[in-house]
Structures are given as structure tokens and as C-alpha cells.
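Notes for the structure review
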Amino acid sequence: SQTIHQWPATLVQPVGSPLSLECTVEGTSNPNLYWYRQAAGRGLQLLFYSVGIGQISSEVPQNLSASRPQDRQFILSSKKLLLSDSGFYLCAWTPLTDRYGYTFGSGTRLTVV
Amino acid sequence: RKEVEQDPGPFNVPEGATVAFNCTYSNSASQSFFWYRQDCRKEPKLLMSVYSSGNEDGRFTAQLNRASQYISLLIRDSKLSDSATYLCAVKPPGGGNKLTFGTGTQLKVEL
């Protein structure tokens, strides 16, 4: 069966520090991968998605970047965090085929101080 | 108009009640529809897909009304454990199989 792993679960980082969040999927190949952010009391905002290795689409201009160095690995990064980067970051995957919903990782709760 | 809209609630209902949520979407060409459940400080989990013919899973029934551009979720015989936030998700036309989520409707089931 397919599983998705996301870490760390919780992170407290100072403003201006770098960020690297990792997400890996097991038990499938060629998944679509997504990074979402959920700010406190707000909805899920799509940040990046990837349909293949090295293929990254950015949905909103921001302080973050994403990379997909391997088929089942998706990384969210920042060189310098801002206070506004605080939130609940969720990685998700879905098969390439339409009509399937996402499966989310357990998320990383990031607090920038 | 937002792409996907939900009443944030909260909906406070007694145990055993029937409760329904609606979710409206703006793009009439949207292709796939889903309901997710999100517990406090947890990731959303897929509850059910919503098909044109409607679908039912135990106490949960989802329906799609393309003419009025909304989907609905009906929960019968509410349990305390149903307390959560329910997110609807819509796949608009275009590549990437991207989903747009509503902000969620909070349900509180009480004794």
C-alpha cells in the first residue's frame, strides 16, 4: 500500500533562518506531489505541485521554493524565513489519473519567531 | 467570488441528529469533487468522492448539483466522533490534478 511520510512534525525557527521540509511517498511511482499551507484559521493554500522529477509549478509568489530530486521525494525550502511563513505545511500525493483525491502527509507545524 | 465557498459554522447538533453541509464552486467546468474531514491540528483525510449520481457510505451521503454548482454532505445519526471540520475540494479544469479547497465547515456534535 502507498504511504506518505512528512517530517519534522513540529518546527520552531527564527526569522531569517533557512528551512527544509521533506516529503516522501512509498508504494507508488510517478505520483503527482503537492505542497499546501494552512495558516491559522484559514483554508488550504496550494504552494507548489510537481508532475515529475525536476518539474515544479509555483502557484503563488513567495519566499519559498520546492524541488523534486527523485520520483517520490518532494522538498520545500526557504533561504530566509519570514514571520508570515508560519503555518501548517502539508504534503500530498495523488496518482496521475484524474478523479482521485489527495492523500496528505501528517504535516509540519512551523512557527517562525 | 471565491472558487470554493463553505459556511464556516460551527454547526452545533445533538447526538443522533442529521446535519447537512453545502459547498458552492464557481467554475462550471470543474471536474471532480471531494469531501475531506480534518480533526484539530491534524491533516485532512479523504472522506468520500462525490459522483454525479451521488454516493453513500454508511451514514454519509454526498451529492453533486451541477446546475446550481454545489456539492453537499449529509450526515445521519451524528456521533460525537463526527465532530471535526469538513472541507470540500474541487478540481477545476486544467493540468496537474490540482484541488482547490474550501475553508471548511466546523461540526460539533453534543450530548
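Up top is the structure.
**Digging into the overall build of chain B**
- Along chain B, the regular secondary structure elements total zero helices and 11 strands.
- Taken from N to C terminus, the helices and strands of chain B fall in the order β-β-β-β-β-β-β-β-β-β-β.
- For 111 residues, the compact-globule estimate of 2.2 N^0.38 gives 13 Å, and the C-alpha radius of gyration of chain B, at 14 Å, lies within 12% of that figure.
- The principal-axis extent of the C-alpha atoms belonging to chain B is close to 45 × 30 × 25 Å.
- The buried share among the 111 residues of chain B stands at 46%.
- Contacts in chain B between residues far apart in sequence, at least 24 positions, make up 57% of those at least 6 positions apart.
- Approximately 5,300 Å² of chain B is accessible, and the part contributed by carbon and sulfur atoms is 46%.
- Measuring between centres, the 13 positive side-chain charges of chain B sit 6 Å from its 11 negative side-chain charges.

**Observations concerning the interface of chain B and chain A**
- Listed per partner, the contact involves 20 residues of chain B and 24 residues of chain A.
- Between chain B and chain A, the buried area comes to about 1,700 Å², and carbon and sulfur atoms account for 52% of it.
- The interface formed by chain B and chain A contains one salt bridge.
- With its nearest N and O atoms 3.3 Å apart, the salt bridge here joins Glu59 of chain A to Lys98 of chain B.
- For the side of chain B that touches chain A, the secondary structure elements donating two or more residues are β4 (32–38) and β9 (84–91) of chain B.
- No other element matches β4 of chain B, which puts four residues into the side of chain B that touches chain A.

**Some remarks on the sheet that holds strand β7 (residues 65–70) of chain A**
All names here are of chain A.
- Pairing in this open sheet of four strands is antiparallel, and the strands run β1-β3-β8-β7 from one edge to the other. The strands lining the two open edges of the sheet, one partner per strand, are β1 (3–7) and β7. Strand-to-strand, the axes of this sheet are offset by a mean angle of 20°, without reference to chain direction.
- Of the pairings in the sheet, the one linking β1 to strand β3 (residues 19–26) comprises five bridges and is antiparallel in character. Considered in β3, the bridge of Trp7 is made with Glu22.

**Here's the deal with the packing of aromatic side chains**
- Here the structure, examined in full by the defined rule, presents 14 aromatic pairs over all chains.
- Summarising the aromatic geometry, the rings of Tyr36 of chain A and Phe104 of chain A are spaced 6.0 Å apart at their centres and angled 65° between planes, so their arrangement reads as edge-to-face. Taken together, the residues Tyr36 of chain A in strand β4 (residues 32–38) and Phe104 of chain A in strand β10 (residues 103–104) connect sequence positions 68 residues apart. Each of the two residues, Tyr36 of chain A as well as Phe104 of chain A, counts as buried.
- Relative to Phe101 of chain B, the ring of Tyr36 of chain A lies with its centre 5.5 Å away and its plane at 85°, an arrangement referred to as edge-to-face. Separated into two different chains, Tyr36 of chain A in strand β4 and Phe101 of chain B in strand β10 (residues 100–101) make up a pair that spans both.
- Given the relative accessible area of 0%, Tyr36 of chain A is considered buried.
- Put simply, the rings of Tyr34, Tyr36, Tyr49, Tyr102 and Phe104 of chain A together with Tyr36 and Phe101 of chain B pair up and form one aromatic cluster.

Rules used throughout
- Residues numbered from 1 in each chain as written.
- Chains lettered and ligands numbered in written order.
- Predicted model: local features only at pLDDT ≥ 70, side-chain atom pairs only at ≥ 80, totals over all residues.
- Heavy atoms only, no water.
- Helix = DSSP H or I, 4+ residues; strand = E, 2+ residues; numbered from the N terminus.
- Rg over C-alpha atoms; globule rule 2.2 N^0.38 Å.
- Buried < 20%, exposed > 50% of the residue type's maximum accessible area, 1.4 Å probe, protein only.
- Contact = heavy atoms within 4.5 Å.
- Areas by Shrake-Rupley, 256 points an atom, 1.4 Å probe, with all protein chains shown as cover.
- Lys, Arg positive; Asp, Glu negative; His and termini not counted.
- Charge placed at Lys NZ, Arg CZ, Asp CG, Glu CD.
- Buried area = accessible area lost by both parts, 1.4 Å probe.
- Salt bridge = Lys/Arg side-chain N within 4 Å of Asp/Glu carboxyl O.
- Pairing = 2+ DSSP bridges.
- Axes fitted to C-alpha atoms, helices over the stretch in contact; angles between N-to-C directions.
- Phe/Tyr/Trp six-rings, centres within 6.5 Å; stacked < 30°, edge-to-face > 60°.

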